[in-house]
Amino acid sequence: MAQVPSEIADRLYAAHPDTFVAERDKAVAAAREAGDRELAAAIGKLRKPTVAAWLVNLLALRRPDLVADLAELAGQLRAAQRDLRGDELRELSAQRRAVVSALVEQARAVAVAEQPELARTKLPLADVESTLSAALADEEVAAQVRSGRLVRTIAYTGFGEVPRPKLRLVTDGAGPTEVSQAPRPTRDEQAEHADARRRAAAEQALAQARAEQREADAELERAIKAEEDSGRELAEVEAELAELQRRRTAAEEELSRRKLARKAAERAVSAARRRVGDAQAAVEALTGE
């Protein structure tokens, strides 16, 4: 099976999911026209991403430098947890929250830069945050995120790697044998895990609250714009009414002037008719003589 060139895959997975299928069909048709049926088949098998997966892909494709920073932090976190360096782990955990939050905001900014109309849309940023958190805990997930080829997001339910030290088991006459066994967590570890669970829940609630705040801010902006539009429309109507009133007043004044002119004309006609009558009577009187 032919491999899909990265420039084609990047273009498809950077496209919004609403247009993915149409863009994929165009790429398949182009490969067929070029006579490469294997490539056409490979492109046709590419799966449409969810909106949240698209946001992660777009971040990886447009800002690979930021995703690389995430991978570096992931390595530090895993090393600190393997070595049970509590102070460093707590410091890195705080850094993790800040980095993930910043990347979520960057994912939204990149998406809005691609499609400005998304600024008024509620995006699934909580799923983006969950996937980025999973990438910090799992190298395989991190590789998927860096690839920019996610088709769905990944739920983060753990707290990183759990160290599994080897225990020595002595058997009858066989000498010591090493076996791998998960250690029983200490009270400190249990407390750290409980804290991590509470932090994860709080971070999830914070992400949801931020998403709701962004939606509320967008709704407020829409309401303000609608109010301003209505205010401008009212001002235009009032200006039109004022112009109509001015024209009405002018028309009434003109009508009054024309009425006066008509009455003056009527008086002139009456006077002229009287003069004509008088003159005609005089002519008739002279003719009769």
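So, how was this worked out
Residues numbered from 1 in each chain as written. Predicted model: local features only at pLDDT ≥ 70, side-chain atom pairs only at ≥ 80, totals over all residues. Heavy atoms only, no water. Axes fitted to C-alpha atoms, helices over the stretch in contact; angles between N-to-C directions. Helix = DSSP H or I, 4+ residues; strand = E, 2+ residues; numbered from the N terminus. Parallel < 35°, antiparallel > 145°, perpendicular 65-115°, else oblique. Left-handed = near helix turned anticlockwise from the far one by under 90°. Contact = heavy atoms within 4.5 Å. Nonpolar A, V, L, I, M, F, W, Y, C, P; charged D, E, K, R; others polar. Core = buried A, V, L, I, M, F, W, Y, C linked by side-chain atoms within 4.5 Å. Buried < 20%, exposed > 50% of the residue type's maximum accessible area, 1.4 Å probe, protein only. Phe/Tyr/Trp six-rings, centres within 6.5 Å; stacked < 30°, edge-to-face > 60°. Salt bridge = Lys/Arg side-chain N within 4 Å of Asp/Glu carboxyl O.

Q: Account for the packing of helix α1 (residues 6-14) against helix α2 (residues 17-33), with residues named and values stated.
A: With their axes 9 Å apart at the nearest point, α1 and α2 run at an angle of 160° to one another. Looking at the two axes, α1 sits roughly antiparallel to α2. Crossing of α1 against α2: the hand is right-handed. For the pair α1 and α2, the contacting residues are I8, R11, L12 and Y13 in the first and F20, E23, R24 and A27 in the second. Here the contact of α1 with α2 is composed, by residue class, of five nonpolar, no polar and three charged.

Q: Before we move on, can you summarise the nonpolar core with the specific residues and values?
A: Membership of the largest hydrophobic core comes to 32 residues, with the highest contact counts inside it found for L55, V128, L132 and V145. At the level of elements, α4 (51-62), α5 (64-82), α6 (86-114), α7 (125-137) and α8 (139-147) are the ones that each hand at least two residues to this core. The biggest single contributor to this core is α4, with eight residues. Ignoring any residue separated from it by four or fewer positions in sequence, one finds L132 in contact with L70, V100, L103, V104 and V145.

Q: Report on the packing of aromatic side chains, specifying residues and quantitative values.
A: With the rule as written, the count across this model stands at one aromatic pair. Measuring from centroid to centroid gives 5.3 Å for Y13 and F20, while their planes differ by 50°, and the two rings are tilted.

Q: Outline the packing of α2 against helix α3 (residues 37-44), listing residues and values.
A: At a closest axis distance of 7 Å, the pairing of α2 and α3 adopts a crossing angle of 170°. Taken together, α2 and α3 sit at an angle that is classed as roughly antiparallel. Mapping the contact onto sequence places R24, A27, V28, A31 and R32 in α2 and L39, A40, I43 and G44 in α3. Split by residue class, the contact of α2 with α3 holds six nonpolar, one polar and two charged.

Q: So what's going on with the pattern of salt bridges? Residues and values would help.
A: Scanning the model with the defined rule gives 10 salt bridges in all. Across the pair D10 and R149 runs a salt bridge whose closest N-O atoms are separated by 2.7 Å. A residue pair is termed long-range when its members are at least 10 positions apart, and D10 in helix α1 and R149 in the loop between α8 and β1 (166-171) qualify at 139 residues. R149 sits in the partly exposed class, given a relative accessible area of 27%. Residue E243 pairs with R246 through a salt bridge whose shortest N-O separation is 2.6 Å. Of this pair, E243 and R246 are both found in helix α9 (residues 187-288), three residues apart, which corresponds to roughly one turn of the helix. If you follow the salt bridges from partner to partner, you end up with R11, E23 and K26 in one network.

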